[in-house]
Amino acid sequence: MPNAKLLNSLHLHGIVFIWGFTAVLGALISIDAIPLVWIRMLLASGFILLFVLLKKEKLRFSVKTLSRFFLAGFIIALHWLCFFGAIKESNVSVTLAIMSTGAFFASLLEPLFYRRKIIGYEVFFGIIVISGLYLIFNVETDYIWGIGLALASSFLGAVFTIINGALVVKHKASVISLYELFFGGLCITAYLAFQGKITSELFQLSTNDWLLLLLLASVCTAYAFLASVHVMKWISPYTVMLTVNLEPVYGIILALLILGDSEHMKTEFYYGAVIIIVTVIANGIIKNRLQRKKRRLPNT
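What this report covers is the structure whose coordinates are included nearby. (Residues numbered from 1 in each chain as written. Predicted model: local features only at pLDDT ≥ 70, side-chain atom pairs only at ≥ 80, totals over all residues. Heavy atoms only, no water.)

## Things to note about the environment of G146
Alright, step 1. Summarising the element assignment, G146 is placed in helix α7 (residues 144-167).
Alright, step 2. Take G146: its relative accessible area is 0%, and that puts it in the buried class.
Alright, step 3. For the pair formed by G146 and K88, sequence separation is 58 residues and the distance between their alpha carbons is 7.6 Å.
Alright, step 4. Excluding residues that lie within four positions of it along the chain, G146 makes contacts with A86, E89 and S90. (Helix = DSSP H or I, 4+ residues; strand = E, 2+ residues; numbered from the N terminus. Buried < 20%, exposed > 50% of the residue type's maximum accessible area, 1.4 Å probe, protein only. Contact = heavy atoms within 4.5 Å.)

Structure representation (structure tokens):
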């Protein structure tokens with residue numbers, strides 16, 4: 001099976017590359033964050049619905065389960081609204097660098113959700129992450145609003161991941177994604193309807209925007225999510241986690257190549273970004289080693 005593992009490892013890097021490209025698409029699409037996320041969620045839920053119907057997966061659930069899907073969908077909608085809002089208010093490089101703090105937020109939230117003790121080294125790494133954030137805040141004062149939105153998006157992403165960690169134990173990932181995307185889109189629909197903004201003008205987009213939105217919803221959302229679930233059958237969660245941490249690296253490089261001068265930042269920004277990304281990877285390595293050591297210990 002070595003060839004299968006190698007192919008799936010390359011596949012995983014391709015998926016992470018696609019996720020990094022998502023931010024670039026957000027910058028290239030000319031419409032505001034709210035209609036962008038709304039159309040993305042509705043289109044992506046349609047693509048995943050086709051997959052679920054082909055697989056003949058169960059779609060009926062209790063009201064309690066659907067309410068959990070709804071909550072997760074609401075959170076992922078807010079997460080994406082803040083994410084694309086951050087890109088519009090700052091740029092791709094700033095947004096992705098700040099989004100790397102997701103692991104730090106998860107380390108703070110997990111003890112609350114799972115009622116475990118706070119781990120000392122995670123607090124230490126959290127302080128280092130804050131120092132990286134300080135560097136970025138200190139030099140990129142023109143992007144304060146964008147940095148704030150990116151931090152909010154990172155926090156909401158951590159909450160969403162923890163909720164999904166509990167849901168995926170009992171339900172199929174594709175079905176979870178379908179309901180979350182649909183409910184998230186429904187929440188934004190309700191907001192737009194309340195504001196009286198659902199008009200024909202909302203759909204009068206340029207051909208370029210429609211093509212980019214279709215790419216975002218199909219390849220960068222529906223396909224990337226389903227494919228990421230598939231490769232986890234072949235690759236350890238640890239390897240997946242380390243590879244996913246390369247998303248901001250791929251995204252920032254793509255942004256520099258595609259978007260040009262608007263993505264060039266001060267040197268201190270890159271120092272801060274490197275501090276955050278390296279700290280997150282180091283946290284994952286230490287956590288994995290401790291878990292392996294714990295599994296080797298005899299039962300007491």
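## Observations concerning the packing of helix α2 (residues 33-55) against helix α3 (residues 63-89)
Alright, step 1. Across the interface, α2 lies against α3 with an axial gap of 9 Å and an inter-helix angle of 135°. Considered as vectors, α2 and α3 are oriented oblique to each other. In this structure, α2 crosses over α3, and the sense of that crossing is right-handed. For the pair α2 and α3, contact is made by A33, I34, L36, V37, R40 and M41 and by G73, I76, A77, W80, L81, F84, G85 and K88, respectively.
Alright, step 2. Along the lines of polarity and charge, the residues of the contact of α2 with α3 split into 10 nonpolar, 2 polar and 2 charged. (Axes fitted to C-alpha atoms, helices over the stretch in contact; angles between N-to-C directions. Parallel < 35°, antiparallel > 145°, perpendicular 65-115°, else oblique. Left-handed = near helix turned anticlockwise from the far one by under 90°. Nonpolar A, V, L, I, M, F, W, Y, C, P; charged D, E, K, R; others polar.)

## Here we look at the side chain of R40
Alright, step 1. Position of R40 relative to the elements: it lies in helix α2.
Alright, step 2. Accessibility expressed as a relative area gives 4% for R40, which makes it buried.
Alright, step 3. In this view, R40 contacts T22, W80, F84, L216, A217, C220 and T221; residues no more than four positions away in its chain are not counted.

## Some thoughts on a nonpolar patch on the surface
Alright, step 1. A cluster of nonpolar residues, L28, I253, L257 and I258, forms a patch on the protein surface that exposes about 380 Å² of accessible area.
Alright, step 2. Secondary-structure assignment places I258 in helix α11 (residues 247-259). (Patch = residues over 30% accessible without salt bridge, like charges linked within 9 Å, V, L, I, M, F, W, Y side chains within 5 Å. Areas by Shrake-Rupley, 256 points an atom, 1.4 Å probe, with all protein chains shown as cover. Salt bridge = Lys/Arg side-chain N within 4 Å of Asp/Glu carboxyl O.)

## Description of the packing of aromatic side chains
Aromatic rings considered in pairs are described by the distance between their centres and by the relative angle of their planes.
Alright, step 1. With the rule as written, the count across this model stands at 9 aromatic pairs.
Alright, step 2. Aromatic pair F182 and F183: ring centres 5.7 Å apart, planes at 55°, arrangement tilted.
Alright, step 3. Residue F183 is classed as buried on the basis of its relative accessible area, which comes to 13%.
Alright, step 4. Here a set of aromatic residues connected by ring pairs shows up, and it is made of F61, F69, F70, Y179, F182 and F183.
Alright, step 5. In this structure, R40 packs its charged tip against the face of W80, placed 3.8 Å from the ring centre. (Phe/Tyr/Trp six-rings, centres within 6.5 Å; stacked < 30°, edge-to-face > 60°. Lys NZ or Arg CZ within 6 Å of the ring centre and 35° of its normal.)

## Focus on the nonpolar core
Alright, step 1. In this structure, M41, F84, I98, L213 and L216 are the most contacted members of the largest nonpolar core, which totals 82 residues.
Alright, step 2. Beyond its immediate sequence surroundings of up to four residues, M41 is in contact with G73, I76, A77, W80, E180, L181, G184, G185 and I188. (Core = buried A, V, L, I, M, F, W, Y, C linked by side-chain atoms within 4.5 Å.)

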